[in-house]
Number of protein chains: 2
Amino acid sequence: MNLPSKLLEDTVQAFAQLPGIGQKSALRMVLHLLKMQPDNVERMGETIIRLRKELRYCKNCHNIASEDICSICSDSRRDRSIVCVVEDVRDVIAIENTGQFKGLYHVLGGLISPMDGIGPSQLNIDSLVEKAASQSVNEIMVALSTTMEGDTTLFYLFKKIKPLNVPVSTLARGVAIGGELEYADEVTLGRSIVNRVPYDNQLVK
Amino acid sequence: MNLPSKLLEDTVQAFAQLPGIGQKSALRMVLHLLKMQPDNVERMGETIIRLRKELRYCKNCHNIASEDICSICSDSRRDRSIVCVVEDVRDVIAIENTGQFKGLYHVLGGLISPMDGIGPSQLNIDSLVEKAASQSVNEIMVALSTTMEGDTTLFYLFKKIKPLNVPVSTLARGVAIGGELEYADEVTLGRSIVNRVPYDNQLVK
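Conventions and cut-offs
Residues numbered from 1 in each chain as written. Chains lettered and ligands numbered in written order. Predicted model: local features only at pLDDT ≥ 70, side-chain atom pairs only at ≥ 80, totals over all residues. Heavy atoms only, no water. Pairing = 2+ DSSP bridges. Helix = DSSP H or I, 4+ residues; strand = E, 2+ residues; numbered from the N terminus. Axes fitted to C-alpha atoms, helices over the stretch in contact; angles between N-to-C directions. Contact = heavy atoms within 4.5 Å. Domains from an automatic or database assignment. Buried < 20%, exposed > 50% of the residue type's maximum accessible area, 1.4 Å probe, protein only. Salt bridge = Lys/Arg side-chain N within 4 Å of Asp/Glu carboxyl O. Buried area = accessible area lost by both parts, 1.4 Å probe. Polar contact = N/O pair within 3.5 Å; in protein donor to acceptor, adjacent residues only side chain to side chain. Nonpolar A, V, L, I, M, F, W, Y, C, P; charged D, E, K, R; others polar. Least-squares fit on C-alpha atoms with pLDDT ≥ 70 in both. Core = buried A, V, L, I, M, F, W, Y, C linked by side-chain atoms within 4.5 Å. Right-handed = clockwise from strand over helix to strand, strands pointing away. Left-handed = near helix turned anticlockwise from the far one by under 90°. Expected span 1.5 Å × (residues − 1).

Student: Quick question: what am I supposed to make of the sheet that holds strand β5 (residues 139-142) of chain A here?
Tutor: Strand pairing in a sheet relies on backbone hydrogen bonds. The paired strands run either parallel or antiparallel. All names here are of chain A. Read from one edge of the open sheet, four strands run β4-β3-β5-β6, paired in parallel fashion. Pairing within the sheet leaves two strands with one partner each, and these edge strands are β4 (103-107) and β6 (168-170). Neighbouring strand axes in the sheet, compared pairwise and without regard to direction, differ in orientation by 30 degrees on average. As judged from the five bridges shared by strand β3 (residues 79-86) and β4, these two strands associate in the parallel manner. For Val83, the partnering residue across the bridge sits in β4 and is Leu104. Sheet strands in contact with helix α5 (residues 126-133) are β3, β4 and β5, and its direction is about 150 degrees off that of β4.

Student: How should the domain arrangement of chain A be read in this particular structure?
Tutor: Domain annotation of chain A identifies domain 1 (6-54), domain 2 (78-170) and domain 3 (174-205). Centre-to-centre separation of domain 2 of chain A and domain 3 of chain A, based on C-alpha positions: 24 Å.

Student: Explain the pairing of strand β3 (residues 82-86) of chain B to me, please; I cannot follow it from the model alone.
Tutor: Each regular strand shows side chains that alternate between the opposite faces of the sheet. Residue and element names in this part refer to chain B. Buried residues dominate β3, accounting for five of its five residues. Alternating positions in β3 separate into two faces, Ile82, Cys84 and Val86 on one and Val83 and Val85 on the other, with burial throughout. Where β3 lies against strand β5 (residues 139-142), four bridges are found, and the strand directions are parallel. The residue bridging Ile82 from the neighbouring strand is Glu139, located in β5. Bridge analysis of β3 against strand β4 (residues 104-107) gives four bridges, and the strand direction is parallel. Its bridge partner lying in β4, Cys84 is registered against Tyr105.

Student: Even after reading the chapter, I still don't get the sheet that holds β5(B), so can you show me in this structure?
Tutor: Residue and element names in this part refer to chain B. The strand order across the open sheet formed by four strands is β4-β3-β5-β6, and the pairing between neighbours is parallel. Here the strands that pair on one side only, and so sit at the sheet edges, are β4 and β6 (168-170). Along the sheet, successive strands turn relative to each other by an average axial angle of 30 degrees, direction set aside. Examined bridge by bridge, β5 and β6 share three bridges and lie parallel to one another.

Student: Before we go on, may I ask you to explain the pattern of salt bridges in this structure?
Tutor: Two side chains that carry opposite charge are able to pair once their charged atoms sit near each other. What the rule picks out here adds up to 15 salt bridges over all chains. For Arg50(B), the salt bridge is made with Glu54(B), and the minimal N-O distance between the two is 3.1 Å. Taken together, the positions of Arg50(B) and Glu54(B), both in helix α3 (residues 38-54) and four residues apart, correspond to about one turn of that helix. Assessed through its relative accessible area of 40%, Arg50(B) is described here as partly exposed. Here the salt bridges do not stand alone but share partners, grouping Arg56(A), Lys59(A) and Asp68(A) into one network.

Student: Would you take a moment to explain the interface of chain A and chain B for this structure?
Tutor: Note on interface size: it is often stated as the accessible area lost on association of the parts. Listed as interface residues are 52 residues of chain A and, on the opposing side, 52 residues of chain B. Summing the contributions of chain A and of chain B, the shared interface buries around 5100 Å²; its carbon and sulfur component is 73%. Summed over the three residues of chain A that lose the most area to chain B, namely Leu7(A), Leu34(A) and Arg52(A), the buried surface amounts to 14% of that side. Put simply, chain A and chain B have one salt bridge between them. Here Lys53(A) and Glu42(B) are joined by a salt bridge, their closest N and O atoms 4.0 Å apart. Between the two partners, chain A and chain B, sit ten residue pairs in polar contact (both at pLDDT 80 or more). Residues of the side of chain A that touches chain B, tallied by class, amount to 28 nonpolar, 14 polar and ten charged.

Student: Any chance you could explain the relation of the copies chain A and chain B here in plain terms?
Tutor: Superposing the two chain copies requires a rotation about an axis and a translation along that axis. The two copies are related by a screw motion: chain A maps onto chain B through a turn of 179 degrees and a shift of 0.0 Å along the axis, at an RMSD of 0.1 Å. The transformation just described matches what one would write down for a two-fold rotation axis. Among all residues of chain A, the one whose C-alpha sits closest to the rotation axis is Gly45(A), at a distance of 2.1 Å. Of the interface residues in chain A, 100% have counterparts in chain B that sit at the interface too, so the contact is made through matching surfaces.

Student: Just to check I follow, could you spell out the nonpolar core for this structure?
Tutor: Side chains of a nonpolar character, in soluble globular proteins, are inclined to be buried together. Membership of the largest hydrophobic core comes to 48 residues, with the highest contact counts inside it found for Phe15(A), Leu33(A), Phe15(B) and Leu33(B). Excluding anything up to four places from it in sequence, Leu33(A) contacts Phe15(A), Val41(A), Met44(A), Leu18(B), Ile48(B), Leu51(B) and Arg52(B).

Student: So what exactly am I meant to see when it comes to the pairing of β3(A) here?
Tutor: Residues and elements named next belong to chain A. Burial of β3 is extensive: six of the eight residues sit out of reach of the surface. In this fold, β3 hands off to helix α4 (residues 89-98), which returns the chain to β4; that crossover is right-handed. Of the pairings in the sheet, the one linking β3 to β5 comprises four bridges and is parallel in character. Counted as the bridge partner of Cys84 is Met141 from β5.

Student: Looking at this structure, how should I read the packing of helix α3 (residues 38-54) of chain A against helix α1 (residues 6-16) of chain B?
Tutor: Two packed helices can be described by the angle between their axes and the distance between those axes. Packing of α3(A) against α1(B) leaves a shortest axis separation of 9 Å and a crossing angle of 145 degrees. Pair α3(A) / α1(B) crosses with left-handed handedness. Facing α3(A), whose interface residues are Met44(A), Thr47(A), Ile48(A), Arg50(A), Leu51(A) and Glu54(A), α1(B) presents Leu7(B), Leu8(B), Asp10(B), Thr11(B), Ala14(B) and Phe15(B). The residue makeup of the contact of α3(A) with α1(B), split by class, is seven nonpolar, two polar and three charged.

Student: Sorry if this is basic, but what is going on with the environment of Asp91(A) here?
Tutor: All names here are of chain A. Tracing the chain through its elements places Asp91 in helix α4. The partly exposed category is assigned to Asp91, whose relative accessible area is 25%. When the C-alpha atoms of Asp91 and Met29 are compared, they prove to be 27 Å apart, with 62 residues separating the residues in sequence.

Student: Mind showing me how you'd approach α3(A) here?
Tutor: Along an α-helix, residues three or four apart share an orientation, since each turn contains 3.6 residues. For α3(A), with 17 residues, the first-to-last C-alpha span of 24 Å sits near the 24 Å given by 1.5 Å per residue. Listing the buried residues of α3(A) in full gives Asn40(A), Val41(A), Met44(A), Gly45(A), Thr47(A), Ile48(A), Ile49(A), Leu51(A) and Arg52(A).

Here it is in structure tokens:
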């Protein structure tokens, strides 16, 4: 694509680095920037620069934080005996939005994937094992995707944590709420039969 | 969406202003920024700030320019007797990429659209009429979309330019090259029959 100005081209290239954005969408965004209020665009540029400089990862759970310790880890109302293990920050946000989890998190920063050259040493696994060994944790809840990489990582974590006598749990798998049985895949439907739940347990008491 | 940091939230909001980007895609982009090299992210922020400050519009054709006059208008090899009228900068880029047009451009900056409250006075129409009246222009080629707004604008331009005795042409409309006849819509197919071209003219001589 031949663009009429070097500066325009640089900005388009910068946007085209972002995930899911090609040259054409990047150009569309940049031309939109040109129509926006100048101070609004300046603020956007400054936020991007500040973001990379100021945002840090929590020393305890590796979640995004403005301080050394994130807002979840420093919240005294959270239950410190249960740790939810997730792949990345987006999963923390998704689980927080359900309002159903009151424990702490541990962000691995990825999944074990020999195909992509990612081994256990590149992930935040050692600090998780330390946490599990510290006696203050009663349960490790692993909330990873059920992909090959997710299952491999789960199995690796289980092998590491089992000797410490800390129970490892996973998310319930089953037919989605609102989902129709006939459209559920066989594996999910099969698993939801094996792990069926007494109706008693589901009644609000 | 509850985000763990105010700075993260500000950046997500900034990206969510861009066309075609919702909260979730914006978050995905921002988390990607956090994984990029710090100096790369800083460069991106700075380009955005510079873009809005330094990029100008050509005084002659209203195309994007780094100087007062854009690179196309200042190119002495371009044919100054034919002016191609387009809606916005993206159309200039698309036509330049065909390599088939050697004249100058005139960017209207939009289309007449009473529904959106856009009248002729908000577009770069007066400067086009002045150009047409200047005797140096032998043809105005209007390359606008064939939508209601495009056709309205074309008709308005024609009414303004006709008294000046400058011929107005439009792009050829017809079945796309590589397109199959049975899938062409009736209006396009009908127009391509009315405007059929002698085969003689299409032979490379």
